[in-house]
Amino acid sequence: MRRPCVAGNWKMHKTLEESLHLVDSIKPDLDEIKSVDNVICPPFTALAGVKELLEGTRISLGAQNLFWEEQGAYTGEISPLMLAELVSYVIIGHSERRAYFQDSDEAVNKKVKAALAAGLKPILCVGETLEENEAGRTGEVVQRQLTSGLKGLGEKDLGEMMIAYEPVWAIGTGKAATPDGANQVIKTHIRDALASLISPEIAQKMRILYGGSVKPENARDFFQQPDIDGALVGGASLKAEAFVEITKAAAG
Ligand code: PGA
């Protein structure tokens, strides 16, 4: 069986001091919920400090992005090697990166490969916009993002990677997908697609998260779905109590 995972994407929120404070306040509670994996993804500037605070806990650390080159004249960028010293996970292809920073399918694929090569576990995000959803193109878009994101990768590469299905219209809007609707997209366009793209074993093994306005009030309904293995949480991951409640819901 797949272990549930609740990941927090803090986005561009929290100074170093605020980050340490938040981690301090969630750490004891999360540490008790042993049947769920937690990953928190603070901004780059807080990673080293938070890493120290998480030492000896079962909470994993993740970054929100990376560049694919190992090093070089790329002002402002962060390489997989630099991150490998600090984190075990990295979010790649988040819709905000695709929309505001022009992360193309090709760039996402380069980032996934570079992360894996550095020993990082990617959390690959896919999801359709409202316009694509209304045009009935959800399946096509999600499968395109999945196929191109994983291009050139095989069964042995993907062991600990996760996929997050995040419909863009549900992110930060308070308007989550229906649990059943999200499960259907995940089952048909991600898990079944993975079976033919990579292998049925990988499809069964890989954890697929739902993201988009997950909160304590709706989390349980998502986690009861057979193909939803956890959540990538944005807004609610910034509130200690809400993030702990969502993690408890994943524990069943
Ligand atoms: P949200 O964000 O929970 O605030 O909707 C989710 C995400 O963007 O990962």
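Rules used in this analysis
- Residues numbered from 1 in each chain as written.
- Predicted model: local features only at pLDDT ≥ 70, side-chain atom pairs only at ≥ 80, totals over all residues.
- Heavy atoms only, no water.
- Helix = DSSP H or I, 4+ residues; strand = E, 2+ residues; numbered from the N terminus.
- Rg over C-alpha atoms; globule rule 2.2 N^0.38 Å.
- Contact = heavy atoms within 4.5 Å.
- Areas by Shrake-Rupley, 256 points an atom, 1.4 Å probe, with all protein chains shown as cover.
- Lys, Arg positive; Asp, Glu negative; His and termini not counted.
- Charge placed at Lys NZ, Arg CZ, Asp CG, Glu CD.
- Buried < 20%, exposed > 50% of the residue type's maximum accessible area, 1.4 Å probe, protein only.
- Core = buried A, V, L, I, M, F, W, Y, C linked by side-chain atoms within 4.5 Å.
- Salt bridge = Lys/Arg side-chain N within 4 Å of Asp/Glu carboxyl O.
- Phe/Tyr/Trp six-rings, centres within 6.5 Å; stacked < 30°, edge-to-face > 60°.
- Near = heavy atom within 4 Å.
- Polar contact = N/O pair within 3.5 Å; in protein donor to acceptor, adjacent residues only side chain to side chain.
- Nonpolar A, V, L, I, M, F, W, Y, C, P; charged D, E, K, R; others polar.
- Pairing = 2+ DSSP bridges.
- Axes fitted to C-alpha atoms, helices over the stretch in contact; angles between N-to-C directions.

Attention now moves to the overall build of the chain. Helix and strand counts for the chain stand at eleven helices and eight strands. For 252 residues, the compact-globule estimate of 2.2 N^0.38 gives 18 Å, and the C-alpha radius of gyration of the chain, at 17 Å, lies within 12% of that figure. With the C-alpha coordinates aligned to their principal axes, the bounding extent of the chain is approximately 45 × 45 × 35 Å. Considering only contacts within the chain whose residues lie at least 6 apart along the sequence, 72% involve residues at least 24 apart. Total accessible area on the chain stands at roughly 11600 Å², and carbon and sulfur atoms take up 51% of it. For the chain, the distance from the average position of its 27 positive side-chain charges to the average position of its 35 negative side-chain charges is 2 Å.

Take the side chain of Asp227 next. Here Asp227 is to be found in the loop between helix H10 (216-223) and strand E8 (230-233). On the basis of relative accessible area, Asp227 is assigned to the buried category, the value being 9%.

Time to look at the nonpolar core. Ile40, Ile163, Tyr165, Ile190, Leu194, Tyr210 and Phe223 are the most contacted members of the largest nonpolar core, which totals 66 residues. Leaving out residues up to four positions away in the same chain, Ile40 has contacts with Gly8, Trp10, Val23, Ile26, Val50, Leu54, Ile59, Ser60, Leu61, Gly62 and Phe243. Among the nonpolar cores identified, the runner-up in size contains twelve residues, and Cys5, Cys125, Met162 and Ala164 belong to it.

On inspection of all chains with the given rule, the structure shows 15 salt bridges. Its salt-bridge partner being Asp37, residue Arg207 comes within 2.7 Å of it at the nearest N-O pair. In this pair, Arg207 sits in strand E7 (residues 207-211) while Asp37 sits in strand E2 (residues 37-41), placing the two residues 170 residues apart along the sequence. Between Arg98 and Asp105 there is a salt bridge whose closest N-O contact spans 3.0 Å. Judged by its relative accessible area of 16%, Arg98 is buried.

Geometrically, a pair of aromatic rings is defined through the distance of the ring centres and the angle of the planes. Applying the stated criterion across every chain yields a total of five aromatic pairs. Residues Phe67 and Trp68 carry aromatic rings whose centres are separated by 4.5 Å and whose planes lie at 35° to one another, so their mutual orientation is tilted. Taken together, the aromatic side chains of Phe67, Trp68 and Tyr74 make up a single cluster linked through ring pairs.

The ligand sits among 13 residues. The nearest are Lys11, His94, Glu166, Gly172 and Ser213. Between Lys11 and the ligand, the recorded distance is 2.7 Å, taken from a side-chain N or O atom to an oxygen atom. Between the ligand and Glu166, the relevant distance is 2.7 Å, taken from an oxygen atom to a side-chain nitrogen or oxygen of the residue. With the chains in place, 95% of the 280 Å² that the ligand exposes on its own is no longer accessible. Taken together, the residues of the shell around the ligand sort by class into four nonpolar, seven polar and two charged.

What the eight strands build is a closed barrel, ordered E1-E2-E3-E4-E5-E6-E7-E8; its pairing is parallel. Each neighbouring strand pair of the sheet contributes to a mean axis angle of 25°, computed without reference to strand direction. The pairing of E7 with E8 spans two bridges and is parallel. Looking across to E8, one finds that Tyr210 is bridged to Ala231. Packed onto the sheet, helix H2 (residues 44-54) meets E2 and strand E3 (59-63) and runs at close to 165° relative to E3.

On to the environment of Gly212. In this fold, Gly212 is placed in the loop between E7 and H10. Those residues in contact with Gly212 that lie beyond four places of it in its chain are Glu166, Ala170, Ile171, Ala176 and Leu232.

On to unusual backbone geometry. Its identity is not glycine, yet Lys14 carries a phi of approximately 85°, on the positive side. For Lys14, a relative accessible area of 29% gives the class partly exposed. Non-glycine residue Ser213 carries a positive phi angle of around 55°.

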